[in-house]
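# Structure at a glance
Below are the chains, spelled out letter by letter.
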Amino acid sequence: MKLIIAVLSGDGIGPEIMIQGIAVMDAIAKRFNHEFEYKEAPCGAYAIGLCGDPFPEETFQICQQADAVLFAAVGDPKYDNDPTSKVRPEQGLLAMRKKLGLFANIRPIQTFKCLVHKSPLKEELVRDADFVCIRELTGGMYFGEKYQDNDKAYDTNYYTRPEVERILKVGFEYARKRKHHLTVVDKANVLASSRLWRQIAKEMEPQYPDVNVDYMFVDNASMRMIVEPTFFDVVVTENTFGDILTDEASCISGSMGLLPSASTGESTPVFEPVHGSWPQAAGKNIANPLAQILSVAMLLEHFDLKEEGTLVRQAVDASLDAFVRTPEIQAEGQPQYGTKEVGQWIVEWITKK
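Definitions and cut-offs
Residues numbered from 1 in each chain as written. Predicted model: local features only at pLDDT ≥ 70, side-chain atom pairs only at ≥ 80, totals over all residues. Heavy atoms only, no water. Axes fitted to C-alpha atoms, helices over the stretch in contact; angles between N-to-C directions. Helix = DSSP H or I, 4+ residues; strand = E, 2+ residues; numbered from the N terminus. Parallel < 35°, antiparallel > 145°, perpendicular 65-115°, else oblique. Left-handed = near helix turned anticlockwise from the far one by under 90°. Contact = heavy atoms within 4.5 Å. Nonpolar A, V, L, I, M, F, W, Y, C, P; charged D, E, K, R; others polar. Pairing = 2+ DSSP bridges. Phe/Tyr/Trp six-rings, centres within 6.5 Å; stacked < 30°, edge-to-face > 60°. Buried < 20%, exposed > 50% of the residue type's maximum accessible area, 1.4 Å probe, protein only. Salt bridge = Lys/Arg side-chain N within 4 Å of Asp/Glu carboxyl O.

The next thing to look at is the packing of helix α7 (residues 161–177) against helix α8 (residues 192–204). At their nearest, the axes of α7 and α8 sit 10 Å apart, and the two run at 55° to each other. One way to sum up the angle between α7 and α8 is to call them oblique. At the point where α7 passes α8, the crossing takes the right-handed sense. Facing α7, whose interface residues are Arg161, Val164, Glu165, Ile167, Leu168, Lys169 and Phe172, α8 presents Leu196, Trp197, Gln199, Ile200, Ala201, Glu203 and Met204. Here the contact of α7 with α8 is built from residues that sort into nine nonpolar, one polar and four charged.

In structure tokens form, the structure reads like this:
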């Protein structure tokens with residue numbers, strides 16, 4: 001198979017974890033006789049420095065014309081610490097989602113048996129946790145009408161029926177592929193937008209008689225994810241709630257450096273790790289590349305390259321079992337490995353397997 005991949009390394013640790021992701025893709029291409037062509041493009045703070053735009057038109061065109069986007073991270077303290085800044089790196093991420101029509105964020109949450117002790121939660125709570133969060137990505141407060149002056153501000157949590165129906169459809173269909181259990185998260189006791197979500201979900205239920213649906217207020221869901229994460233199979237929710245819940249859920253595995261994600265919709269799909277740019281670690285060879293590498297696995301599986309994706313996942317599992325890990329998940333007394341060394345070990349494992 002031939003694929004054109006837009007490569008957006010972004011800021012902070014982005015470039016160094018991207019190198020390892022591409023190396024894994026190259027190993028897979030060689031092993032299975034695929035051809036992956038990469039087209040690099042700037043985004044985030046790096047792009048602001050180049051042209052003043054965190055998602056330049058040229059980058060958009062490269063993404064739109066590619067088969068998939070492999071993305072790393074954006075963000076810089078220079079902008080985080082300046083509330084008056086009109087242009088921010090994260091605006092590039094929002095622009096990419098909106099322009100490419102990426103309305104569904106798919107974020108798998110799983111634990112690794114050899115790392116359950118790294119979770120801040122008790123081992124007996126997180127062991128065997130395995131669920132998927134599906135977040136609506138292009139609506140809600142992040143994109144609704146906004147206003148701010150010195151005395152007041154507002155963000156409009158605006159949703160239309162078609163927006164809600166299409167993301168709920170993704171949720172129902174994912175549930176069908178897994179354990180047939182869908183949890184719709186909202187705040188229907190307070191918010192009108194949530195009541196529309198719940199109304200439409202209930203209307204759609206009869207179309208999926210094989211899916212067990214439950215409804216949960218977001219405050220209850222945030223608590224349930226901590227005290228009983230194994231309850232969930234597929235969770236679907238709106239943009240703001242999804243942003244918060246998925247970051248909370250990422251702690252279940254013990255490190256945000258372990259979790260990939262996909263954003264899909266009307267145009268080119270994007271595959272990216274869930275963690276941020278961690279600028280304090282940039283260039284220090286300590287960032288965990290596994291989330292980026294597992295994003296490669298999700299990319300391969302999206303194009304029905306299931307054997308290839310499975311091999312990447314097996315390589316990641318093998319590296320963890322062999323204690324080839326970056327510092328934040330390494331066991332006491334084991335040797336230290338950096339970003340490059342973990343990536344190289346995985347490439348060699350794939351090559352020799």
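Another point: the sheet that holds strand β5 (residues 130–136). Read across the open sheet, the 10 strands follow the order β2-β1-β3-β12-β11-β4-β5-β10-β8-β9; overall the sheet is mixed. Both edges of this open sheet fall to β2 (35–40) and β9 (212–217), since each of them pairs with a single strand only. Strand after strand, the sheet turns through a mean of 25° between neighbouring axes, direction not considered. Sheet topology note: the strand β4 (residues 104–110)/β5 ladder contains seven bridges and is antiparallel. For arginine 107, the partnering residue across the bridge sits in β5 and is cysteine 133. Sitting on the sheet, α7 touches β4, β5, β8 (181–186), β9 and β10 (234–237), and the angle it makes with β5 is about 165°.

Under the defined criterion, the tally for this structure stands at six aromatic pairs. Ring centres of phenylalanine 131 and phenylalanine 232 lie 5.7 Å apart, and the angle between their planes is 45°; this geometry places the pair in the tilted category. Here phenylalanine 131, found in strand β5, pairs with phenylalanine 232, found in the loop between α9 (218–227) and β10; they are 101 residues apart in sequence, far enough to count as distant. Each member of the pair phenylalanine 131 and phenylalanine 232 is classed as buried. For the pair phenylalanine 231 and phenylalanine 232, a centre-to-centre distance of 5.1 Å together with 85° between the ring planes defines the contact as edge-to-face. One aromatic cluster is present, formed by Phe131, Phe231 and Phe232 through successive ring pairs.

Counted by the stated rule, this structure contains 19 salt bridges. Between arginine 135 and aspartate 243 there is a salt bridge, with its nearest N and O atoms 3.8 Å apart. One end of the pair, arginine 135, is in strand β5; the other, aspartate 243, is in helix α10 (residues 239–250), with 108 residues separating them in the sequence. Between arginine 161 and glutamate 165 there is a salt bridge, and its shortest N-O distance comes to 3.3 Å. Here the residue arginine 161 and the residue glutamate 165 both occupy positions in helix α7, the gap between them amounting to four residues, near one helical turn. Residue arginine 161 is classed as partly exposed on the basis of its relative accessible area, which comes to 31%. Each of Asp130, Arg178 and Asp233 takes part in one network of salt bridges that share partners.

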